[in-house]
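Chain by chain, the residues run as shown.
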Amino acid sequence: MELIIAPAAQLAILAADRFEAVLRAKPRAVLGLATGSSPLPTYDELARRHREGGLSFAQATGFTLDEYVGIDLDHPERYRNVIAREITDRVQWPAGQVSGPDGSAADLTAAAAAYETAIRDAGGVDLQILGIGSNGHIAFNEPLSALTSRTRSVPLTEQTRRDNARFFGGNLDLVPTLCLTQGLGTIMEAREIVLVATGAGKAEAIAQLVEGPISASWPATVLQMHPNTTVLVDKAAAAGLTRHRP
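Residues numbered from 1 in each chain as written. Predicted model: local features only at pLDDT ≥ 70, side-chain atom pairs only at ≥ 80, totals over all residues. Heavy atoms only, no water.

### Topic: the side chain of E116
We apply this condition: Each helix is a run of H or I in the DSSP string that is no shorter than four residues. Each strand is a run of E no shorter than two, and both are numbered from the N terminus. When checking whether two residues touch, look at their non-hydrogen atoms; a contact exists if any pair is within 4.5 Å.
Mapped onto the fold, E116 is located in helix α4 (residues 108-121). With residues up to four places along the chain from it excluded, the contact list for E116 reads R150, T151 and T186.

### Quick notes on empty space enclosed by the protein
Our working rule: With a 1 Å grid spanning the protein atoms alone, the term cavity applies to any set of points in which a 1.4 Å probe fits but cannot get out, the term pocket to an open set with protein on both sides within 12 Å along at least five of seven lines, and the term lining residue to any residue with an atom within 4 Å of a point. Grid points are joined across faces, edges and corners, and a volume is the space filled by probe spheres set on the points.
With the rule as written, the count across this model stands at one cavity of 30 Å³ or more. Counted as a void, the largest cavity has a volume near 60 Å³. Around the largest cavity, the lining residues are E67, Y68, G70, I71, L73, R78, P101, D102, G103 and S104.

### Concerning the layout of surface pockets
We count it as follows: Side-chain classes are defined by residue name, with Ala, Val, Leu, Ile, Met, Phe, Trp, Tyr, Cys and Pro counting as nonpolar, Asp, Glu, Lys and Arg as charged, and the others, Gly among them, as polar.
Reported here for the largest pocket is a volume of approximately 520 Å³. Among the elements of the structure, α1 (8-25), α2 (40-53) and α5 (158-164) are those that each provide at least two residues to the lining of the largest pocket. A per-class count over the lining of the largest pocket returns 14 nonpolar, 13 polar and four charged.

### Some points on the packing of α1 against α2
The condition is simple: Each axis is a line fitted through C-alpha atoms, and for a helix only the stretch in contact is used; angles between axes span 0 to 180 degrees, taken between their N-to-C directions. Convention used here: angles under 35 degrees read as roughly parallel, angles over 145 as roughly antiparallel, angles from 65 to 115 as roughly perpendicular, and any remaining angle as oblique. Crossing chirality is assigned from the near helix's rotation relative to the far helix, an anticlockwise turn below a right angle marking it left-handed and a clockwise turn marking it right-handed.
Direction vectors running N to C along α1 and α2 enclose 50 degrees, while the axes themselves pass 8 Å from each other. One finds that α1 runs oblique with respect to α2. Once α1 is placed against α2, the crossing between them reads as right-handed. On α2, the residues touching A12, I13, A15, A16, D17, F19, E20 and R24 of α1 are P41, T42, E45, L46, R49 and G53. Of the residues that constitute the contact of α1 with α2, the class distribution is seven nonpolar, two polar and five charged.

Everything listed here is a matter of geometry and, on its own, says nothing about what the molecule does.
Now the structure itself:
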């Protein structure tokens, strides 16, 4: 695991550099896309590079990490719509080449299995961008998720729902209680992972990720076993580290 501590504005550039390197080397790359606040500056930078430098996503395939269950298909916070708004529409990425778990499926178990098959049939993810929750979750793998878990439906913890209420006008009652998410085992199969975290609210999770023991209590710690993960954090998110001083 490589840890880089840099000003927040620099983190998006570093993450976008990895996306650009992969796309330049492999135009048909398979890219893993995260939602939440952490990846948004990276998507802004990628959109700028597409607009000003011709960075092309035209041949790439994309897979999102997760999706709410029971949310209207046209809801602005449905993750498929968020991804379209924040990155795919901005870089002219053909919509049919970007997929997400089907949170509207009648059979969630079958939908999860189909998503695993789709990722495998595409050749696996070349580069996955991640954020991290204040409780150490990645995607929606909440504490005590199995470290080898696969795509599945999971209930959201109260803490995660409170963290996400800001996307629903601050109204906790509007935040879905269930989601479909790639599992930790699924995420670990990506050939390269870039995790971005900023702000003091992520400091404890980053300290556990980088310096703590591997534990299902802090799901992101599974990334310690990944052979090619880069953790990009600002000084505030690095504040809890003891062996790596900002």
